[in-house]
Amino acid sequence: MSEEPKPEETQPETPPESLVVRRVREQVPDAILAVSESLGEETLVVRCDLLHACMAILKSDPELKFDFLADITAVDQLYLNEQNRFVVVYHLCAYRAGRRLRVKTPLPDDDLRVASIYDLWPSADWLEREVYDMYGIVFDGHPDLRRLLMPDDFGSYPLRKDYPLHGKGERDNFVF
Amino acid sequence: MNTATVGSMDRTDMERIRQERASFERAPDMPAETMVLNFGPQHPATHGTLHMVLELDGERVVKATPHIGYLHTGFEKLGEHRSYNQFVALTDRMNYLSPLSNNIGFVHAAEKLIGIELTPRCQYLRVALAELSRIADHLVCVGTASLDIGAFTAFLYGFRAREVLYDLFEAVTGTRLTTSFARVGGLLRDVGPDFPDMARNAVAESLKATEEIDKLLTHNRIWRDRTEGIGRLSAEDAVACGATGPVLRASGVDWDLRKNEPYLVYDRLDFDIPIGENGDVYDRYLVRMEEIRQSARLVLQAVDRLPSGPVGADADHNVLPSKDDVYHSMEALIYHFKMTMEGHGPIPPKGEAYGSTEAPNGELGFYIVSDGTRHPYRVRVRPPSLLHFAMFPRLIKGHMLSDVVAVLGSLNIIAGELDR
């Protein structure tokens with residue numbers, strides 16, 4: 001609820017609401033937490049429980065048609081003074097219109113889960129597995145959520161900010 | 001032809017395979033028994049280290065399960081502890097076929113974040129170098145793909161021409177493979193006066209090799225039997241699975257970042273984007289062959305129009321000053337010191353940027369989050385190979401065992417950027 005005043009403040013500053021924001025707001029009214037544009041890149045911050053609904057609209061809406069999922073990644077905001085520690089970042093592209101969009105969804109610290117978008121874009125398969133592998137974020141509905149790069153019995157999530165650069169001695173204990 | 005090695009499987013793999021076999025549903029006319037074959041991690045046709053567990057019915061691939069991570073080096077983690085110019089050296093190691101393209105791809109994203117405008121000379125030089133490395137990449141890709149299928153001669157022709165290109169890279173950058181040549185806002189140094197002639201010579205040699213490979217393969221009955229209709233990817237699937245570059249264009253999708261989201265000076269140069277029809281191994285080969293010719297056009301145009309002037313952009317605190325200035329001006333020496341010492345380097349403002357370039361294999365994206373310090377807070381590499389290899393099980397399903405290397409060769413998986 002505390003986020004509510006923020007969009008009202010920012011709305012007058014950006015009077016021409018972009019097509020993407022308008023179409024998503026029409027169909028999922030409460031989903032968008034913030035909108036920003038910098039360096040020519042538009043960013044939507046959406047609620048993580050409504051992420052899948054937003055993504056479905058972004059993909060299938062005839063005016064938007066973001067049919068190409070370029071990338072999925074996450075950022076550990078431990079040292080960034082943000083409210084939520086983890087944010088999952090999606091990069092979409094509507095290649096016919098030549099439009100790009102970044103969608104970010106912050107996750108609650110006690111429940112690192114977000115819906116998988118594998119059913120919308122098959123390319124999400126390994127991208128989501130890598131985020132799970134590196135950050136421990138669980139993608140609900142992913143058909144085969146296993147570690148991608150690290151060994152299956154690797155206990156930590158190496159791209160988290162509290163994981164040391166030199167590891168925790170896994171190499172020394174590894175049996176060849 | 002020996003296409004796979006029956007390696008020893010460790011215990012965890014056997015357990016996983018048992019589970020996978022248990023979940024597999026057989027068609028009614030299929031025999032009850034299938035064989036599990038390990039392809040890799042060490043196999044000449046993987047051109048890197050990757051591992052596939054192939055489930056075979058006779059010689060037909062029923063299911064392929066890729067396992068990756070053998071070359072996982074933690075570049076993204078390491079990048080958070082390196083300055084922007086230091087990260088350029090890591091981008092070499094991600095792609096051992098066209099490191100220059102990776103150098104240029106990363107600094108493109110960093111410059112977008114910092115807001116640096118490049119000098120015209122730097123832009124034309126980057127185009128020339130990126131296209132030369134695209135030619136080298138495609139020559140190796142076509143050469144090794146044909147080697148895997150059994151056409152040894154084309155491989156030798158490709159590598160002979162690549163040698164000329166690598167001599168050029170050595171003359172320009174000082175190294176053959178780990179070029180680390182791009183710097184934020186410019187290049188490591190200017191090229192020598194003989195660069196245009198060397199580039200023209202390298203282009204001529206590459207085109208000669210391309211024509212020779214073309215004569216050997218394009219209408220070769222054996223080559224076409226091995227490649228036509230193999231590993232087909234429809235245009236819809238290609239977009240949905242995140243294919244980019246020659247793989248996407250072979251499926252008939254007209255999408256190339258150099259045309260659609262022009263960067264550097266690609267919008268001022270004249271070139272065409274080849275498009276395939278069937279999206280099979282043969283079309284991917286044809287697209288790569290035509291891209292070599294188009295890249296040759298681009299190199300010649302860039303070299304002919306190469307403007308004079310400085311290479312480094314005019315942004316004092318973020319761009320390495322030229323060596324000449326460093327020797328003759330105290331301010332430049334101080335800036336040089338500030339740029340290269342441990343803990344120093346370009347400092348972008350707080351923010352985030354996603355910059356992507358058309359690397360030889362497809363869209364190479366770098367997503368950088370900056371917290372306003374000299375180290376990136378987060379560097380994400382979006383490698384084309386990761387998405388391409390992820391769809392491999394889809395492409396190979398139902399094909400013969402010997403087609404595994406054909407499809408793998410056509411995707412040009414670079415294990416370095418696959419695992420990062």
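The rules behind these values
The numbers attached to residues start from 1 for each chain and follow its sequence in the written order. Labels are handed out in written order, letters beginning with A for the chains and numbers beginning with 1 for the ligands. Thresholds applied to this predicted model are a pLDDT of at least 70 for local features of residues and 80 or more for the giving and counting of side-chain atom pairs; totals over whole chains, interfaces and linings are not thresholded and use all residues. Each helix is a run of H or I in the DSSP string that is no shorter than four residues. Each strand is a run of E no shorter than two, and both are numbered from the N terminus. Computation of the radius of gyration draws on C-alpha atoms alone. For the globule rule, the value is 2.2 Å times the number of residues to the power 0.38. Note on burial: count the other C-beta atoms lying within 10 Å of the residue's C-beta; 20 or more is buried, 12 or fewer is exposed, in between is partly exposed, and C-beta positions come from the backbone. Here, residue contact means that the backbone-derived C-beta atoms of the two residues sit within 7 Å. One bridge is not enough; two strands pair if DSSP finds at least two bridges between them. Per the annotation, domain bounds derive from an automatic or database assignment of domains. A set of buried Ala, Val, Leu, Ile, Met, Phe, Trp, Tyr and Cys residues, joined to one another through C-beta atoms within 7 Å, is what we call a nonpolar core. Confidence scores per residue from the predictor, reported as pLDDT, run from 0 to 100. Each residue gets one of three labels, nonpolar for Ala, Val, Leu, Ile, Met, Phe, Trp, Tyr, Cys and Pro, charged for Asp, Glu, Lys and Arg, and polar for the others, Gly among them. Whenever a helix is involved, its axis is fitted only over the stretch in contact; in every case the axis is a line through C-alpha atoms, and angles between N-to-C directions fall within 0 to 180 degrees.

A tally of helices and strands in chain B yields 18 helices and eight strands. For 420 residues, the compact-globule estimate of 2.2 N^0.38 gives 22 Å, and the C-alpha radius of gyration of chain B, at 22 Å, lies within 12% of that figure. Taken over the C-alpha atoms alone, chain B extends approximately 80 × 45 × 35 Å along its principal axes. Put simply, chain B has 420 residues, and 52% of those count as buried. When contacts within chain B are restricted to residue pairs at least 6 apart in sequence, long-range pairs at least 24 apart make up 71% of them.

Counting secondary structure elements, chain A contains five helices and seven strands. N-terminal to C-terminal, the α/β element order of chain A is α-α-β-β-α-β-β-β-β-α-β-α. In chain A, the share of contacts with a sequence separation of at least 24, taken over all contacts with a separation of at least 6, comes to 49%.

Residues and elements named next belong to chain B. For strand S2 (residues 51–57) and strand S3 (residues 60–67), the ladder comprises seven bridges, and the chain directions are antiparallel. Bridge pairing in S3 places Asp57 opposite Arg60. A loop of two residues connects S2 with S3, the two strands running antiparallel in sequence, and Gly58 in this loop sits at a positive phi of about 65°.

What follows covers the domain arrangement of chain B. All names here are of chain B. One can read the domain layout of chain B as domain 1 (11–67) and domain 2 (75–312 + 346–419). Placing a centre on the C-alpha atoms of domain 1 and another on those of domain 2 gives a separation of 31 Å. Residue-level contacts link 16 residues of domain 1 with 20 residues of domain 2. Elements with a contribution of two residues or more to the side of domain 1 that touches domain 2: S2 and S3. Top element by residues in the side of domain 1 that touches domain 2 is S3. It accounts for six residues.

In this structure, Ala128(B), Leu132(B) and Val407(B) are the most contacted members of the largest nonpolar core, which totals 164 residues. Here this core takes 17 residues from helix H5 (residues 120–149) of chain B, the largest share from any one element.

A few words now on the confidence of the model for chain A. Looking at chain A as a whole, its pLDDT mean stands at 84, while 89% of the residues score no less than 70. Note that residues 1–12 of chain A has pLDDT below 50 and, in this model, three contacts with residues that lie over four places away or in other chains.

Counting residues at the interface gives 28 residues for chain A, matched by 32 residues for chain B. Those elements giving two or more residues to the side of chain A that touches chain B turn out to be strand S3 (68–76), strand S4 (86–94) and helix H4 (124–135) of chain A. Element by element, the count of residues in the side of chain A that touches chain B is highest for S3(A), at six residues. Among the residues forming the side of chain A that touches chain B, the class breakdown is 17 nonpolar, five polar and six charged.

All names here are of chain B. The element helix H3 (residues 84–94) is largely enclosed, with a buried count of eight among its eleven residues. Tyr84, Asn85, Phe87, Val88, Leu90, Thr91, Asp92 and Met94 are the residues of H3 that are buried. The inward-facing, buried residues of H3 contact helix H2 (75–79), helix H4 (99–114), strand S4 (182–183), strand S8 (376–382) and helix H18 (415–419).

Let's shift gears to the sheet that holds strand S2 (residues 41–46) of chain A. Residue and element names in this part refer to chain A. One open sheet accounts for five strands, arranged S1-S2-S5-S4-S3; its pairing is mixed. Edge positions in the sheet fall to strand S1 (32–38) and S3, since each has one partner strand and no second. Adjacent strand axes in the sheet meet at a mean angle of 20° when their direction is disregarded. Note that S1 and S2 share six bridges and pair antiparallel.

Turning our eyes to something else, we now look at the confidence of the model for chain B. Looking at chain B, the pLDDT average stands at 85 and 91% of residues meet or exceed 70. Here residues 1–12 of chain B scores under 50 on pLDDT; set against residues more than four positions off or in separate chains, the count is 18 contacts.

Tracing the sequence through the fold places His336(B) in helix H14 (residues 330–340). Expressed as a C-alpha distance, the spacing of His336(B) and Phe155(B), which sit 181 residues apart in the sequence, is 44 Å.

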